[in-house]
Amino acid sequence: MSVTDTNDVQTLSIVILISGRGSNALAILDAIEQNRLCASLQMRAVIADSRIDQPAAGLARMAERGIDTALVDPSAYSDRTGFEQALAEVINSFEPDLIVLAGFMRVLSAAFVEQFEQRIVNIHPSLLPNYRGLHTHQRALDADDKKHGASVHWVTAELDAGPVIAQAEVPIEPGDTADTLAARVLIQEHRLYPSSLALLAQTTVLRQYDTTPKHLLLDRDFDDAGRLLADTDCN
Ligand code: GAR
């Protein structure tokens, strides 16, 4: 992944892919615009995969904030390959360093992922490798887990299986339902994603991920600004 170097300030340019409400995309934009990150991120566009007659709610929210938006409607293409080619063209037109999946609910083909090798990240609502796929909150409750959370990870051809970059933990409380747990995890997602992107904008940290299987935990290893805390050696 290249990081644009402008006047000694390293800027990581991103496009965000969404399918629905886009609250994570909004949280990232808020963190950027309120200068809460210790790195420079530039949001170039938000792209949705929804139908043109049912656009993802998040698109309008981002457009209102002055962000470029685009929609690639899968029903306009005869097959997945055609859709993914169109999606790749739209992404490339914004020339991002990094592609950020935020509630993008479509499984991408290996060919698509490989053309953007090490340039796609995702947020998943579980402590990976636990609970890849859907219904993560209910599955954590059914397993009687004591903690749950969210993970930011590299996207590889295997669904939700790429190397974890960072996680945020959430305790499971007595009486939790899938909805109450999802709401509590989402609050942490809104902290985790902007701060993880700030971590990625720091190339030294990025190289560390390439060589170690260890991932970082929000509040233990780094803060909301994406600033590494002193004690990064604990497991
Ligand atoms: C988030 O909870 C995100 O972790 C999840 O969808 C939600 C999107 O919310 N993603 C996945 O489940 C991906 N497998 P948002 O549209 O409000 O950001």
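My aim in this report is to walk through the structure given alongside it, one point at a time. (Residues numbered from 1 in each chain as written. Predicted model: local features only at pLDDT ≥ 70, side-chain atom pairs only at ≥ 80, totals over all residues. Heavy atoms only, no water.)

Quick notes on the site of the ligand
Around the ligand, the neighbouring residues are R21, G22, S23, N24, G103, M105, I123, H124, P125, L186 and E189. A distance of 2.5 Å is found between an oxygen atom of the ligand and a side-chain nitrogen or oxygen belonging to S23. Side-chain polar atom of E189 to an oxygen atom of the ligand: 2.7 Å apart, as the coordinates give it. In isolation the ligand exposes 450 Å². Once the protein is present, 86% of that is buried. Where the shell around the ligand is concerned, the elements lending two or more residues are α1 (23–33), β6 (120–124) and α6 (178–200). For the shell around the ligand, a count of residues per class yields four nonpolar, five polar and two charged. (Near = heavy atom within 4 Å. Polar contact = N/O pair within 3.5 Å; in protein donor to acceptor, adjacent residues only side chain to side chain. Areas by Shrake-Rupley, 256 points an atom, 1.4 Å probe, with all protein chains shown as cover. Helix = DSSP H or I, 4+ residues; strand = E, 2+ residues; numbered from the N terminus. Nonpolar A, V, L, I, M, F, W, Y, C, P; charged D, E, K, R; others polar.)

Re the pairing of strand β8 (residues 164–171)
Most of β8 sits out of view: six of its eight residues are buried. As defined by bridge partners, β8 adjoins strand β9 (residues 216–217) across two bridges and the pair is classed as parallel. Bridge pairing in β9 links Q167 to L217. (Buried < 20%, exposed > 50% of the residue type's maximum accessible area, 1.4 Å probe, protein only. Pairing = 2+ DSSP bridges.)

A few points about the pattern of salt bridges
Taken as a whole, this structure holds twelve salt bridges when the rule is applied. In this structure, the salt-bridge partner of D49 is R106, at a minimum N-O distance of 2.8 Å. Highlighted residues: D49 in the loop between β3 (40–48) and α2 (57–64) and R106 in the loop between β5 (98–101) and α4 (110–115), separated in sequence by 57 residues. Accessibility expressed as a relative area gives 32% for R106, which makes it partly exposed. Between D221 and R220 there is a salt bridge, with its nearest N and O atoms 2.8 Å apart. For D221, a relative accessible area of 0% gives the class buried. For R220, a relative accessible area of 26% puts it in the partly exposed group. What you see here is one network of salt bridges that share partners, running through D30, E33 and R65. (Salt bridge = Lys/Arg side-chain N within 4 Å of Asp/Glu carboxyl O.)

Remember that the coordinates give geometry; whether it matters functionally is a separate question.
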